[in-house]
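# Architecture at a glance
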Amino acid sequence: MRYTIELGDESVAVDVHPVGPGRYRVQLGDAPARTVEAAVEPGLVHLLLGDRSLSVRAGAAPGGVDLHAAGLRARAGALDARAARLKARRGGAKGAGSDVVRTPMPGRVVQVMVAEGDAVVPGQGVVIVEAMKMENELRAEIAGVVAKVHVKADDRVEGNADLVTLRPAESD
Amino acid sequence: MRYTIELGDESVAVDVHPVGPGRYRVQLGDAPARTVEAAVEPGLVHLLLGDRSLSVRAGAAPGGVDLHAAGLRARAGALDARAARLKARRGGAKGAGSDVVRTPMPGRVVQVMVAEGDAVVPGQGVVIVEAMKMENELRAEIAGVVAKVHVKADDRVEGNADLVTLRPAESD
Amino acid sequence: MFERVLVANRGEIAVRVMRTLRDVGATPIAIYSEPDRHALHVRHADVAVCVGPEASAQSYLNMDAVLDAARRTGAQAIHPGYGFLSENATFARRVAEAGITWIGPPPSAIETMGSKLLARRTVEAAGVPVVPGVSEPVRDPDEALAIARGVGFPVMVKASAGGGGKGMRLVHDEAALSKALDAARREAAGAFGDDAVYVEKFVVEPHHVEIQVLCDAHGNAVYVGERECSVQRRHQKVVEECPSPFIDEDVRRAMGEVAVAAARACGYVGAGTVEFLVGGDKRFYFLEMNTRLQVEHPVTELVYGVDLVDAQLRIAAGQPLPFAQADLVPRGHALECRIYAEDPETYLPSPGAVTQLRWPEGPGVRVDAGIDGFSVVPMAYDPMVAKLCTWGSDRGQAIRRMRRALDETVVLGITTNVPLHHRVLTHPAFVAGRYDTGLLNTTLPAAAAADAGWKEAAIIAAALTRHAEDTARAARAPSAGAPGSAWLAQGRQRQITGG
Amino acid sequence: MFERVLVANRGEIAVRVMRTLRDVGATPIAIYSEPDRHALHVRHADVAVCVGPEASAQSYLNMDAVLDAARRTGAQAIHPGYGFLSENATFARRVAEAGITWIGPPPSAIETMGSKLLARRTVEAAGVPVVPGVSEPVRDPDEALAIARGVGFPVMVKASAGGGGKGMRLVHDEAALSKALDAARREAAGAFGDDAVYVEKFVVEPHHVEIQVLCDAHGNAVYVGERECSVQRRHQKVVEECPSPFIDEDVRRAMGEVAVAAARACGYVGAGTVEFLVGGDKRFYFLEMNTRLQVEHPVTELVYGVDLVDAQLRIAAGQPLPFAQADLVPRGHALECRIYAEDPETYLPSPGAVTQLRWPEGPGVRVDAGIDGFSVVPMAYDPMVAKLCTWGSDRGQAIRRMRRALDETVVLGITTNVPLHHRVLTHPAFVAGRYDTGLLNTTLPAAAAADAGWKEAAIIAAALTRHAEDTARAARAPSAGAPGSAWLAQGRQRQITGG
């Protein structure tokens, strides 16, 4: 089986072939295939790679797998071969910042600091959302003009909700 | 839905009807039906029964559910209505002790202390099984005569394996 | 002692108080808002009463509902924890009027210390040094500006009823003052129902050091050492330690005696904390007194070998303090890392369902958690989900044990500030014990880069997890197993097939 | 200090040693038998080497394989834990010959103290009191009978190379002697590869009290208090405490000084334990010296504020002891409950897969576990899966905290002795601190009967679990969720739909 794993900026093709109980041939990209002894349970993967012992905790996450290893955390997108091809066809290049300011967490809108037509600079606060008893200023990632404000004061918003859409200042 | 729950010597019919998110009408036997607020997850059931807060941890176990509540442990058999009827038809009366001496855990037979034809009394050791670095003497539960010895010294045995079958001394 | 005690709080502090209640043989009674009905603190209680919907004002701050719950369940006493109603004199009074013991100081002491201005006047009269340049609540931006110009920028805008960093803003220049006043007022109104704020001089390179005091109803009062709380983000404490690496034995004694004097000045009974600002010259100024248990109380417990909640219960039951000043001898060093459900870089909160959880174990580790692997962290309440403490025979061992404890900690599903703690605990200034409240504004060490081996492991783990899922889906024919097993086996569908 | 240390052990002690290795900045290296390849101790290490199949003799006791593993991974030192090769002088010698540091006493001290007979002769010569009536290994039942008649029944049959209760039998009369000899010989041969046994007088109502000693390579030696280990089943310790509720300050000092004399008599360097039998008259007799870390070492660590593994590492690295006798001041009281995978009534072992696990948290609790929620407990090794310790400012608080800790503990899948601990901790004799090694042979308090409410809760929980399974099965259409999520969601298929 071939999977495409996206970790940070990298995208790696991984071939997985079970070769015995708790034993797999694993090939990452063009590197030589290796035999791995692994315990794979919901929540834990323990790997014996040569003399190295590596434990990775895994949790379900939107669009992939939350991983925790050696005190570090990462989110991996896991695609099977077909999904990877589809995604590649659609093109995956990301811009330098989003033209939509979103709230990462649910909360209550305390204040909208911009109006449609306002010019904003990167890092400028546009909306204050209160969550977990703290006010959090959400900021523009790019320079531009406010095209649309999606919320008003006292609105309850869900995590990942759009707050403000910007028209980029210049898209070269 | 009706389930029959066996806990210790008791067997209780339980009717369960979801009446809302995390809310159930539950009726135990002939007692009046009650509304229970419950979180039901693999491994945990938390109940709000009136003002009482009751947490029960649950684990998969052969033939039922291992339960842990308030420092106490129990194994519950859970049958649906059809299985309960079948079991009732087969008859469920248990004797005062088993005529087969079994090992509850896997291990290695160290010594067989009886031979076929030997008379045994309740509590008499019949086989020694070593497991987890300790010798464990397994005992007859009833008085009788050894009908069959299933193992010999140095055998590896699985958990719940038959060691010795007895012919009860008198079955009045 | 009490047989039934209601804990008027939620999260880790409710769980922590309930543990000591069990230790003294008392039955813990929980209250909960609707979305908290299956929260960990409710599961730790034998008796639990719903006090209202999600909004704190209608549930955890709803005095009528909390008092009703206490009466209905036969509670003999109420422990308020920290936050919520813990520093509300009206509530303390109503508890007493209902014939229930209030596990906290007298309402009059809460009132005196609850108003920062009255507190300052009271302790000043008792000869306790205070921060220069403070005054009455400001009425408008102009008045604030006049005060700020008087003491000189930078200044601190603070909520009169405040605490815990809420309603607090550091202002560097005149231009920023008006906006800061608005924000502080809004936060103060939301958090305390009182938007009064005042302006004081901001001491540069300040240390936040606080003294734990205990006073019984028989006139005995002791100080139980200090806590260094200078690692702060957004004016909220992140890492605390005992003893402070900054002060010495003489300063400790002087601060302790002043703290006891401050407590006596307001007729204090119970456990309380006197907070000081300490300058680089080791001169210290009274900041405020928190008339309740502090989040960071465990570091004191670890170093002084006392249970402060147990002491609170004894004092509330009218017993004399079980120890004298001379009995309180510090041993070793303790650290606390507050685990917040928030992004370690942006400090944005991260509520949600916990999908994987593991707390550290072993020598020198103490965990006080408000969540377990079955928890959902709601967005309506404080983001602190647990406190991680370590003890060591010296500061170095406590730090190294904390790094190990953080390494062992796994929380998935929500984002936590564990990586921030890692960076603090490897910061040269922190390791050297030479830091002030500006630490988190300085450049922290970069997060340890994952070496190639770990990255490879993460990629393989993701692929194997996906593969296991595909295999399990293919095999998902109804099993012939025992009834009840399939659901439960989901919690543990073993794939360890070797051996 | 060392940078890479191999831990030649498994289970909780390997994990515990690795924690201190991380605390001193050393990389822990694990060894494992084939079925242990994904065991917790392997997951706690960065480097791990397979040393053979399941049978200990071919893996954890396989000196060649363990030494190869150490060489191959560049280990500078080997920590043997307890059990396995920890008291094997040949191995200690071979480690040193391989140019690797042995974290343990000199082979000659292991040899002297490893032979109970030689040990007794050595310490007797140093003026240490010994149990009356002991002699050479017995050759046959007749010789044993003669000795037993000489000292009078009851007598103890003990393995010469023994320890940990293995190869030990209490014999009340002549009729039982022969069978007991056979069983003890078999167990001794299996456990130690040596079937020599001897017979000694059994002291009636004895206390088992042991002294922790630490000796460095520079001639410094201290005792670190005592541990009371009289709660035993099958001659194996179950609950330990520090300090002993039975002895007083004078006896403690006398025993401590004798213990140091015993250690000096064999040229001891490292951490060791001198075990004594103490009679009702508080006279004490040398039993044996364990030339390694003890299972119950954490109670000493909690009361004396030291890390004994850290001390072992320092001593092995040639450093002087970091403390003098006068620095070792006890504070409060600590208890340890050994969590065995065994039936609490029959003591029959219970290996298997853990399906649910929760360890206690909060004030005064320390957990040293060898398993987590992903573990399988193999049948080939010792049944101890964890140690639960509590500390309290006095014995009563330590006991109450332990009861709470036991209440919070959940282990499903395997059977544990947690209920036995509950009964010990509520036993009036134990609570009063008046018990001897016969405690577990007396009638224990009945297990607390589940009240009707809890029984009802268990029944409802079983039905709701079954119902959730039926509902989940019905809904098991392939979800439109993200790839990878279904498998992981099995670990956490939430049913909390309220709020």
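### Observations regarding the overall build of chain C
- For chain C, the count of helices and strands is 16 helices and 20 strands.
- In terms of overall dimensions, chain C is globule-like: its C-alpha atoms have a radius of gyration of 24 Å, near the 23 Å expected for 499 residues.
- Looking at the 499 residues of chain C, the share that counts as buried comes to 63%.
- Counting only contacts in chain C whose residues sit at least 6 apart along the sequence, the fraction spanning at least 24 positions is 65%.

### Comments concerning the packing of aromatic side chains
- A complete count under the given rule lists ten aromatic pairs over all chains for this structure.
- Relative to D:Y381, the ring of D:Y60 lies with its centre 5.5 Å away and its plane at 85 degrees, an arrangement referred to as edge-to-face. Placement of the pair is D:Y60 in the loop between strand 3 (47-52) and helix 3 (63-72) and D:Y381 in the loop between strand 18 (376-377) and strand 19 (384-392), with a sequence separation of 321 residues.
- Owing to a relative accessible area of 0%, D:Y60 belongs among the buried residues under this scheme.
- Here the aromatic residues C:Y60, C:F84 and C:Y381 are joined through ring pairs into a cluster of three or more.

### Overview of empty space enclosed by the protein
- Evaluated as defined, the whole model comprises five cavities of 30 Å³ or more.
- Taken as a whole, the second largest cavity spans an internal volume of roughly 460 Å³.
- If you trace the second largest cavity, you find 27 residues lining it, with C:L302, C:G364, C:W391, D:L302 and D:W391 closest to the centre.
- Put simply, the parts of the chain that give the lining of the second largest cavity at least two residues each are helix 10 (297-304), strand 17 (365-369) and strand 19 (384-392) of chain C together with helix 10 (297-304) and strand 17 (365-369) of chain D.

### A few points about the interface of chain C and chain A
- Contact with chain C, which involves 65 residues of that partner, is made by 62 residues of chain A.
- With both sides pooled, the region where chain C packs onto chain A buries about 5300 Å², and carbon together with sulfur makes up 66% of that total.
- Joining chain C to chain A, the criterion identifies five salt bridges.
- Among the salt bridges present, the one from C:K179 reaches A:E137, with a minimum N-O distance of 4.0 Å.
- In this assembly, chain C and chain A are joined by nine residue pairs in polar contact (both at pLDDT 80 or more).
- Elements that contribute at least two residues to the side of chain C that touches chain A include exactly strand 7 (166-171), helix 8 (174-192), strand 16 (356-358), strand 20 (410-412) and helix 15 (452-474) of chain C.
- Examining the composition of the side of chain C that touches chain A, we find that 17 residues originate from one element, helix 15 of chain C, more than from any other.
- Among the residues forming the side of chain C that touches chain A, the class breakdown is 31 nonpolar, 17 polar and 17 charged.

### A few points about the pattern of salt bridges
Residue and element names in this part refer to chain D.
- Throughout the structure, instances matching the rule amount to 107 salt bridges over all chains.
- The salt bridge partner of R466 is E469, with a shortest N-O separation of 3.5 Å. You can see R466 and its partner E469 sitting in helix 15 (residues 452-474), three residues apart, about one turn around the helix. E469 carries the same exposure label as R466, and that label is buried.

### Details of the sheet that holds strand 13 (residues 134-139) of chain A
- Here four strands make up an open sheet; going across it, the order is 13-12-10-15 (chain A) and the pairing antiparallel. What marks the edges here is a single partner per strand, and that holds for strand 13 and strand 15 (156-157) of chain A.
- Note that strand 10 (residues 107-112) of chain A and strand 12 (residues 125-131) of chain A share four bridges and pair antiparallel. Residue pairing in the sheet places A:R108 in a bridge with A:E130 of strand 12 of chain A.
- The strands touched by helix 8 of chain C within the sheet are strand 10, strand 12 and strand 13 of chain A, with strand 13 of chain A carrying the most contacts at an inclination of about 135 degrees.

### Comments concerning the interface of chain C and chain B
- Opposite the 21 residues of chain C that make contact, chain B presents 25 residues.
- Of the roughly 1800 Å² buried between chain C and chain B, counting both surfaces, carbon and sulfur atoms make up 59%.
- If you look at where chain C meets chain B, you find two salt bridges.
- We note a salt bridge from B:D51 to C:R72, for which the minimum N-O separation is 2.6 Å.
- On inspection of chain C and its partner chain B, the count reaches eight residue pairs in polar contact (both at pLDDT 80 or more).
- Secondary structure elements with two or more residues in the side of chain C that touches chain B: helix 2 (40-43), strand 3 (47-52) and helix 16 (485-489) of chain C.
- In terms of residue count, the dominant contributor to the side of chain C that touches chain B is helix 16 of chain C (four residues).
- Of the residues in the side of chain C that touches chain B, the class split is twelve nonpolar, five polar and four charged.

### Comments concerning the side chain of D:E408
- Mapped onto the elements of the fold, D:E408 is located in helix 12 (residues 395-408).
- Not counting residues within four places of it along the chain, the set of residues in contact with D:E408 comprises C:R19, C:H44, D:R358, D:P360 and D:E361.

### Observations regarding the confidence of the model for chain C
All names here are of chain C.
- On average, residues of chain C score 90 in pLDDT, and 94% of them are at 70 or above.
- Taken as a whole, residues 477-485 scores under 50 in pLDDT and shows twelve contacts with residues more than four places along the chain or in a different chain.
- In this model, residues 491-499 is a region of pLDDT below 50 whose contacts with residues beyond four sequence positions or in other chains number 35 contacts.
- Scored as a whole, the predicted complex attains pTM 0.90, and scored at its interfaces, ipTM 0.89.

### Focus: helix 15 of chain C
- Between the first and last C-alpha of helix 15 of chain C there are 33 Å, a value that for 23 residues agrees with the 33 Å anticipated at 1.5 Å per step.
- Among the 23 residues of helix 15 of chain C, 17 are classified as buried, and the element is accordingly described as predominantly covered.

### Describing helix 9 (residues 249-265) of chain C
Residues and elements named next belong to chain C.
- Helix length check: helix 9, at 17 residues, gives a terminal C-alpha distance of 24 Å against a target of 24 Å (1.5 Å per residue), a fit within 8%.
- Listing the buried residues of helix 9 in full gives V251, R252, M255, G256, V258, A259, V260, A262 and A263.
- Downstream of helix 9 by a residue or two, G267 has a phi angle that is positive, lying close to 65 degrees.

### Some words on the pairing of strand 14 (residues 333-340) of chain C
Residues and elements named next belong to chain C.
- Most of strand 14 sits out of view: eight of its eight residues are buried.
- Neither face of strand 14 is open: one carries H333, L335, C337 and I339, the other A334, E336, R338 and Y340, and all of them are buried.
- Judged from the four bridges that link them, strand 11 (residues 236-242) and strand 14 form a sheet pairing that is antiparallel. The residue of strand 14 that forms the bridge with E240 is E336.
- Bridge analysis of strand 14 against strand 19 gives eight bridges, and the strand direction is antiparallel. Its bridge partner lying in strand 19, C337 is registered against L388.

### Concerning the pairing of strand 8 (residues 72-80) of chain B
All names here are of chain B.
- Pairing of strand 1 (residues 2-7) with strand 8, which is carried by five bridges, proceeds in the antiparallel orientation. Each bridged residue has a counterpart across the sheet, and for Y3 the counterpart in strand 8 is D80.
- Here five bridges tie strand 7 (residues 64-69) to strand 8, and the two strands are oriented antiparallel to one another. Considered in strand 8, the bridge of V65 is made with A76.

### Brief notes about the packing of helix 3 (residues 63-72) of chain C against helix 4 (residues 89-97) of chain C
All names here are of chain C.
- Two numbers describe how helix 3 lies on helix 4: the axes approach to 11 Å, and their chain directions differ by 30 degrees. Taken together, the axis directions place helix 3 and helix 4 in an arrangement best described as roughly parallel. Handedness of the helix 3/helix 4 crossing: right-handed. Counting all contacts with helix 3, which are made through M63, D64, V66 and L67, the residues of helix 4 involved are T90, F91, R94 and V95.

Thresholds, definitions, all that
Residues numbered from 1 in each chain as written. Chains lettered and ligands numbered in written order. Predicted model: local features only at pLDDT ≥ 70, side-chain atom pairs only at ≥ 80, totals over all residues. Heavy atoms only, no water. Helix = DSSP H or I, 4+ residues; strand = E, 2+ residues; numbered from the N terminus. Rg over C-alpha atoms; globule rule 2.2 N^0.38 Å. Buried < 20%, exposed > 50% of the residue type's maximum accessible area, 1.4 Å probe, protein only. Contact = heavy atoms within 4.5 Å. Phe/Tyr/Trp six-rings, centres within 6.5 Å; stacked < 30°, edge-to-face > 60°. 1 Å grid on protein atoms, 1.4 Å probe; cavity = no way out; pocket = protein on both sides within 12 Å on 5 of 7 lines; lining within 4 Å. Points joined across faces, edges and corners; volume = space filled by probe spheres on them. Buried area = accessible area lost by both parts, 1.4 Å probe. Salt bridge = Lys/Arg side-chain N within 4 Å of Asp/Glu carboxyl O. Polar contact = N/O pair within 3.5 Å; in protein donor to acceptor, adjacent residues only side chain to side chain. Nonpolar A, V, L, I, M, F, W, Y, C, P; charged D, E, K, R; others polar. Pairing = 2+ DSSP bridges. Axes fitted to C-alpha atoms, helices over the stretch in contact; angles between N-to-C directions. pLDDT = per-residue confidence, 0-100. Expected span 1.5 Å × (residues − 1). Parallel < 35°, antiparallel > 145°, perpendicular 65-115°, else oblique. Left-handed = near helix turned anticlockwise from the far one by under 90°.

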